[in-house]
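Per-entry structural report
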Amino acid sequence: MSAVSPLMHAALLAAGAGLFSVAATPALAGPLWLQPTAQGARLRAGPPDQPALALPPLQALAAPGADATHVPGPDGLIARGNAAAGDLRLTAVEGQRVLIHHQARLGRQETSPVNDLELVPTEPGGRRFRLMWKGRPVAATQVEVQTDAGWQRLLRPEADGSVTLSTPFPGLYVLSVMASVDGGKARFEGRDYSEVRHSATLSFEVTSP
């Protein structure tokens, strides 16, 4: 499965706000996600069951949270932090043909969002998630799940917009959504963009089903 899988083209609708819509064309880049490492986390592109793809050109890197930092590592970008202090996050901006705000999170212990767009567990370590946009719940038409064993699913939201994930076997799970902003236009680093997208990923390890 390639990094530009149609499964990644999740449609989002902000409740009552009309902020997001289905992308009319396939996503130009797949969501970026965090892979756990001994140092913290490595920013990854591509499916978790395949060799890492080269990261696209990224700008405006940040590691939200008081206990996190980001540094370039020998095998990619590393987000370092104290795992006991909470989940790790790394955000980046990709400005090629469209402007993409990547928002990646590793861990599912915190039940409050930090990134603008974030999948948040309803309880620490839980299997039920809500998509949040700037602190408010939004409804996702679908959420993609991939694992390092090649297992994949599309989660359909319940009436309240939440999704529930079964974890039938141990391993690394990566949840992702991607959305376009309605009428989105932006100027970034002196360049104008006619389309703005947001991606959100949540990755975590399961030690027992």
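Residues numbered from 1 in each chain as written. Predicted model: local features only at pLDDT ≥ 70, side-chain atom pairs only at ≥ 80, totals over all residues. Heavy atoms only, no water.

**Structural notes on the packing of aromatic side chains**
We describe a pair of aromatic rings using the distance from one ring centre to the other and the angle between the two ring planes. The condition is simple: Centres within 6.5 Å make a pair out of two Phe, Tyr or Trp rings, where for Trp the six-membered ring is used; the pair is then stacked when the planes are under 30 degrees apart, edge-to-face when over 60, and tilted otherwise. By the criteria applied, helices consist of DSSP H or I runs no shorter than four residues and strands consist of E runs no shorter than two, each listed in order from the N terminus. Relative accessibility under 20% of the residue-type maximum defines a buried residue, over 50% an exposed one, and the middle range a partly exposed one, all with a 1.4 Å probe and only protein chains included.
Inspection of the entire model under this criterion finds 5 aromatic pairs. For the pair F129 and F204, a centre-to-centre distance of 6.0 Å together with 25° between the ring planes defines the contact as stacked. In this pair, F129 is assigned in strand β11 (residues 128-133) and F204 in strand β19 (residues 196-206), connecting sequence segments 75 residues apart. When sorted by exposure, F129 lands in the same class as F204, which is buried. Summarising the aromatic geometry, the rings of Y173 and F204 are spaced 6.0 Å apart at their centres and angled 5° between planes, so their arrangement reads as stacked. Separated by 31 residues along the polypeptide, Y173 in strand β16 (residues 171-181) and F204 in strand β19 bring together distant segments of the chain. Across the pair, F204 and Y173 agree in class, each one buried.

**Structural notes on the pairing of strand β3 (residues 33-36)**
Inclusion rule: In short, DSSP must find at least two bridges between two strands for them to pair.
Note that β3 and strand β4 (residues 40-44) share 4 bridges and pair antiparallel. What sits directly across from Q35, in β4, is R42. The turn linking β3 back onto β4 is made up of 3 residues.

**Description of the sheet that holds β3**
Convention followed: Lines fitted to the C-alpha atoms define the axes, with helices restricted to the stretch that makes contact. Angles between their N-to-C directions range from 0 to 180 degrees.
Taken together, 4 strands build an open sheet; the order of strands is β3-β4-β7-β6 and the sheet is antiparallel. The open sheet has two edge strands, β3 and β6 (68-73), and neither has a second partner. For this sheet, the mean inter-axis angle between neighbouring strands, taken without regard to orientation, is 35°. Across 3 bridges, β4 lies against strand β7 (residues 76-81) in antiparallel orientation.

**Digging into the environment of Y173**
For clarity, the threshold we go by: Here a residue-residue contact requires only that any non-hydrogen atoms of the pair lie within 4.5 Å. For this analysis, a polar contact is any N or O atom pair within 3.5 Å, provided that within protein one partner can donate a hydrogen and the other can accept it, and provided that sequence-adjacent residues contribute only side-chain to side-chain pairs.
According to the relative accessible area criterion, Y173 is buried, its value standing at 0%. Distance from Y173 to Q146, taken between C-alpha atoms, is 5.9 Å for residues 27 residues apart in sequence. Apart from the residues lying within four places of it in its own chain, the contact partners of Y173 are V145, Q146, T147, W151, L165, S166, T167, P168, L202, S203, F204 and V206. A polar side-chain atom of Y173 sits 2.7 Å from the main-chain carbonyl oxygen of F169.

**A word on the pattern of salt bridges**
To be explicit about the condition: Note on definitions: salt bridges are taken to be side-chain nitrogens of Lys or Arg within 4 Å of carboxyl oxygens of Asp or Glu.
Scanning the model with the defined rule gives 6 salt bridges in all. Note that D160 is salt-bridged to R128, the shortest N-O span being 3.1 Å. Of this pair, D160 sits in the loop between β14 (152-155) and β15 (163-164) while R128 sits in strand β11, and the two are 32 residues apart along the sequence. Each member of the salt-bridge network shares a partner with another, and the members are D87, R89, R105, E110 and E118.

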